[in-house]
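# Fold and geometry: a report
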Amino acid sequence: PSASRPSRVMTVDATSFQRLVDDVPAGSTLYFPATANYYWFSTTRIQINKAITIRCENWNAELRWNVTTLSDPGGDDRAVLNIRHDTNGSTLSGIRIEGCKFNFGGARTPCTNAEGRRGLNITRANDVVLQNNWFERGVGEMVGLNNFGTPTSERYWVLHNVFTNFCTSGQALNTNATRT
């Protein structure tokens, strides 16, 4: 993938993708065009530690993981997509995720909920917008907002998203932000 347009492949080289995320400047947009396949991240945990926009052309740009066999790594990064400031006490400002379909690989039943099997976790961030996304097949929290660290995050906008087919003992959306 590239910062402007990822390649239209089914399997994403997670190491290369993480390097791309690390190399783009804050404020960049990672764009995923629609594809007949999906973007497969397997069980790789992706860490984003800067203000960034993830934009998909539409729900045919599916980002897919399999969280069902993951163990708990401890710490702040218990999801497969973790967005947070690296420093406790500091915050990122300006995270946007728009128009994507996230499939975390679980099922409603049987439920394999366990800590460390989260989907998207955003913490230590202000001014976060989740808009027009589809979240499905989570087995822990599908989306966690401000679960770890200080300061308490503020100003999350969760607009026109779909949360479906998630583990009955998990949560679709866990908001711990002061203003959502």
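Residues numbered from 1 in each chain as written. Predicted model: local features only at pLDDT ≥ 70, side-chain atom pairs only at ≥ 80, totals over all residues. Heavy atoms only, no water.

## Here's the deal with the state of the cysteines
Using the following cut-off: When two cysteine sulfur atoms lie within 2.5 Å, the pair is treated as a disulfide. A helix here means a DSSP run of H or I that spans at least four residues, while a strand means a run of E at least two residues long, and both kinds are numbered starting from the N terminus. Between buried and exposed lies partly exposed: a residue is buried under 20% and exposed over 50% of the maximum accessible area for its type, with that area taken using a 1.4 Å probe on protein chains only.
A full pass over the atoms with the stated rule returns one disulfide. Through a disulfide, Cys56 is tied to Cys100; the S-S separation comes to 2.1 Å. Because the sign of the S-S torsion sets the handedness, a value of about 90° for the bond joining Cys56 and Cys100 places this disulfide among the right-handed ones. Taken together, the residues span a long stretch of sequence, with Cys56 in strand β4 (residues 53-56) and Cys100 in the loop between β7 (92-98) and β8 (101-103) at a distance of 44 residues. Summarising the burial analysis for this pair, Cys56 and Cys100 share the class buried.

## Points about unusual backbone geometry
One non-glycine residue, Ser42, lies in positive phi territory at about 60°. Tracing the chain through its elements places Ser42 in strand β2 (residues 39-42). You can call Ser42 partly exposed: its relative accessible area is 29%.

## A word on the sheet that holds strand β6 (residues 79-84)
Condition: What makes two strands pair is DSSP finding at least two bridges between them. Between N-to-C directions, angles span 0 to 180 degrees; the directions come from axes that are lines fitted to C-alpha atoms, helices contributing only their stretch in contact.
Strand order in the open sheet formed by five strands is β3-β6-β9-β12-β15, and the pairing between neighbours is parallel. Two strands lie at the open edges of the sheet, namely β3 (46-48) and β15 (171-175), each paired on one side alone. Here the average twist between neighbouring strands, direction ignored, is 5°. Here strand β9 (residues 118-123) pairs with strand β12 (residues 141-145) via three bridges, running parallel. What sits directly across from Ile122, in β12, is Leu145.

## Points about empty space enclosed by the protein
Stated precisely, the cut-off is as follows: In the cavity and pocket records, a cavity denotes points on a 1 Å grid over the protein atoms alone where a 1.4 Å probe fits but cannot get out, a pocket denotes an open set with protein on both sides within 12 Å along at least 5 of 7 lines, and lining residues are residues with an atom within 4 Å of a point. Grid points are joined across faces, edges and corners, and a volume is the space filled by probe spheres set on the points. As a working rule, the residues Ala, Val, Leu, Ile, Met, Phe, Trp, Tyr, Cys and Pro are called nonpolar, Asp, Glu, Lys and Arg charged, and the rest polar, with Gly in that last group.
This model, assessed by the stated rule, comprises one cavity of 30 Å³ or more. A per-class count over the lining of the largest cavity returns eight nonpolar, no polar and no charged.

## Considering the environment of Leu159
Applicable threshold: Only heavy atoms matter for contacts: two residues are in contact if any of them lie within 4.5 Å across the pair.
Checked against the element boundaries, Leu159 lands in strand β13 (residues 156-159). Classification of Leu159 as partly exposed rests on a relative accessible area of 32%. Apart from the residues within four sequence positions on either side, Leu159 is in contact with Leu130, Gln131 and Asn132.

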